[in-house]
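# Geometric and topological summary
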Amino acid sequence: MKILVLGHKGMLGSDLMLRLTAAHDVTGIDIGDFDITAGDDCARVIAECSPEVVINAAAYTNVDGCEADRERCFAVNAGGVKNIALACRGRGIRIVHFSTDYIFDGRKETPYVEADPPAPLNVYGASKLEGERFLEAFSDHWLLIRTAWLYGQNGKNFVKAILEKASAVKTIDVVDDQIGAPTYSRDLAAAVQLLIEGGQEGVYHLTNRGRCSWYEFACKILLYAGKTDITVRPIRSQGLARSAVRPAWSVLSTRKFSEETGKTMRFWQIALQDYLGLTGCRG
Ligand SMILES: NC(=O)c1ccc[n+]([C@@H]2O[C@H](COP(=O)([O-])OP(=O)(O)OC[C@H]3O[C@@H](n4cnc5c(N)ncnc54)[C@H](OP(=O)(O)O)[C@@H]3O)[C@@H](O)[C@H]2O)c1
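In this report, we go over the structure that sits alongside the text. Residue numbering note: each chain is counted from 1, following its sequence as written. In view of the model being predicted, local features appear only for residues whose pLDDT reaches at least 70, and side-chain atom pairs are presented and counted only at 80 or more, with totals across whole chains, interfaces and linings using the full set of residues. Note that the side-chain values use all heavy atoms of the structure and ignore hydrogens as well as water.

### A look at the packing of helix α2 (residues 39–49) against helix α4 (residues 70–88)
How we decide: Every axis in this analysis is a line fitted to C-alpha atoms, fitted for helices over the stretch in contact. Angles between the N-to-C directions lie between 0 and 180 degrees. Going along the chain from the N terminus, every DSSP run of H or I of four or more residues is numbered as a helix, and every run of E of two or more is numbered as a strand. In this scheme, roughly parallel covers angles under 35 degrees and roughly antiparallel covers those over 145, while 65 to 115 is roughly perpendicular and the rest are oblique. Definitions for this section: a left-handed crossing has its near helix turned counterclockwise from the far helix by less than a right angle. A right-handed crossing has that turn clockwise. We call two residues contacting when some pair of their heavy atoms lies within 4.5 Å.
It is at 9 Å that the axes of α2 and α4 come closest, and there the two elements cross at 40°. Our classification of the angle between α2 and α4 gives oblique. Seen from above, α2 lies across α4 with right-handed handedness. Contacts from Gly39, Cys42, Ala43 and Ile46 in α2 reach Asn83, Ile84, Ala87 and Cys88 in α4.

In structure tokens, the structure reads:
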């Protein structure tokens, strides 16, 4: 398949490039070569590449930054999706796009399924939800994947932040009242490949299996990295000066993915060990 990856230098985009180039004709493009907020730029790159599938991994992902720059956040995460959808419409091009657990308010007590009603608590979540709606309204063929708590080799992420802190201080405070599913971007890229090759369309939830709080996640990162001299203290979200409110419980059900592909995602602890280079965990 001829595939164009938008945002190919980002955390997920770079893993998608690595994963898909072995089996497909893949081109990547990122900010600097095009701007997703410019409709004519989007039309140009789609026309030049003429792909069968466009994967949109470009986004404005700074959750607190979105509160301060609402206009840019919506321009990239919502307007950008509309631009891509319009550029692909009528050409038989399938769009693969990503959204987030932060479109939910976290008040449910069982894993969110694809049909659950969204109710975002912050600007980032609201912009991603509008992007979802634009995708559905303006494209003919689309696959929407909601994921959560991503970490990978490229870009800033929680695992890197905890390890950096651990090399500077002996005690780290981490919130224990937000529960989610940490997800290795390489695992997500492999699952995305399955869905693309299977021709699936519609909404899918995809994360690693299991759930934890950020506090539990930090404890496991330090344990697996052998940093047992670091103390992690659980704190409440209220104790952190962050501008964006996060959902307290945003676990996504991956049942639909498993039922349709016959595959299950790895548990997050196994994926984390793999990411940290521990042996015997490759999956
Ligand atoms: N990270 C998470 O925890 C998480 C959780 C749930 C869902 N998601 C979703 O998963 C997808 C991938 O996330 P990610 O963490 O891999 O993102 P990322 O690392 O921030 O990568 C996004 C890429 O898009 C580029 N970009 C930003 N503005 C652009 C513009 N105007 N035009 C073209 N490219 C632009 C970025 O460039 P710069 O770096 O130069 O800005 C970056 O290369 C996104 O849809 C995100 O909303 C992520």
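### Structural notes on the site of the ligand
Stated formally: We call a residue near a given molecule or strand whenever any one of its heavy atoms falls within 4 Å of it. Here a polar contact means two N or O atoms within 3.5 Å. Within protein one must be a hydrogen donor candidate and the other an acceptor candidate, and residues neighboring in sequence count only if both atoms are side-chain atoms. For the accessible areas, the method is Shrake-Rupley and the probe is 1.4 Å, while residue cover comes only from the protein chains on display.
Surrounding the ligand, one finds 24 residues, the nearest of these being Leu12, Asp30, Thr61, Tyr124 and Lys128. Interatomic distance of 3.0 Å between a backbone N/O atom of leucine 150 and an oxygen atom of the ligand. Its free accessible area being 900 Å², the ligand has 80% of it covered by the protein chains. Put simply, the parts of the chain that give the shell around the ligand at least two residues each are α1 (11–21), α4, β4 (94–100) and α5 (123–138).

### Describing the pairing of strand β1 (residues 2–6)
Consecutive side chains along a regular strand alternate between the two faces of the sheet. The line we're drawing: For each residue, the accessible area found with a 1.4 Å probe, counting protein chains only, is set against the maximum for its type, and the residue is called buried under 20%, exposed over 50%, and partly exposed in between. If DSSP finds at least two bridges between two strands, the strands pair. Looking down the strands as they point away from you, a crossover is right-handed if its path from the first strand over the helix to the second goes clockwise.
Burial of β1 is extensive: 4 of the 5 residues sit out of reach of the surface. Taken together, the 5 bridges between β1 and strand β2 (residues 25–29) define a ladder with parallel strand orientation. Across the sheet, the residue bridging to valine 5 is glycine 28, located in β2. Where the polypeptide runs from β1 across α1 and back to β2, its parallel neighbour, the crossover connection is right-handed. For β1 and strand β3 (residues 53–56), the ladder comprises 4 bridges, and the chain directions are parallel. Within β3, the position partnered with isoleucine 3 by the bridge is valine 53.

### Overview of the packing of aromatic side chains
Which entries qualify depends on this criterion: Ring pairs shown here join Phe, Tyr and Trp side chains whose ring centres sit within 6.5 Å, with only the six-membered ring taken for Trp; geometry is labelled stacked below 30 degrees between planes, edge-to-face above 60, and tilted in between. When the NZ atom of lysine or the CZ atom of arginine is within 6 Å of a ring's centre and also within 35 degrees of its normal, the charge is said to sit over that ring.
Across all of its chains, the model carries 12 aromatic pairs by this definition. With 3.6 Å between their ring centres and 10° between their planes, tryptophan 149 and tryptophan 214 make a pair best called stacked. Of this pair, tryptophan 149 sits in the loop between β5 (141–147) and β6 (150–151) while tryptophan 214 sits in helix α8 (residues 214–224), and the two are 65 residues apart along the sequence. A residue is classified by how much of its surface remains accessible, and tryptophan 149, at 8% relative accessible area, is buried. Judged by centre distance (5.3 Å) and plane angle (80°), the ring pair of tyrosine 184 and tyrosine 275 falls under edge-to-face. Placement of the pair is tyrosine 184 in strand β9 (residues 183–184) and tyrosine 275 in helix α10 (residues 268–275), with a sequence separation of 91 residues. Accessibility assignment for this pair places tyrosine 184 and tyrosine 275 in one class, buried. Every member of this aromatic cluster is reached through a ring pair, and the members are Trp149, Tyr151, Phe158, Tyr184, Trp214, Phe217, Trp268 and Tyr275. A cation over an aromatic ring shows up here: lysine 82 above the ring of phenylalanine 134, its NZ or CZ 5.4 Å from the ring centre.

### Description of unusual backbone geometry
Backbone geometry at serine 50 places phi at a positive 50°, although glycine is not the residue there. Looking at the element boundaries, serine 50 is found in the loop between α2 and β3. Of the residues examined, serine 50 reaches a relative accessible area of 46% and is grouped as partly exposed. With a phi close to 45°, tryptophan 149 is a non-glycine residue in the positive phi region.

This is a description of form; function is not addressed.
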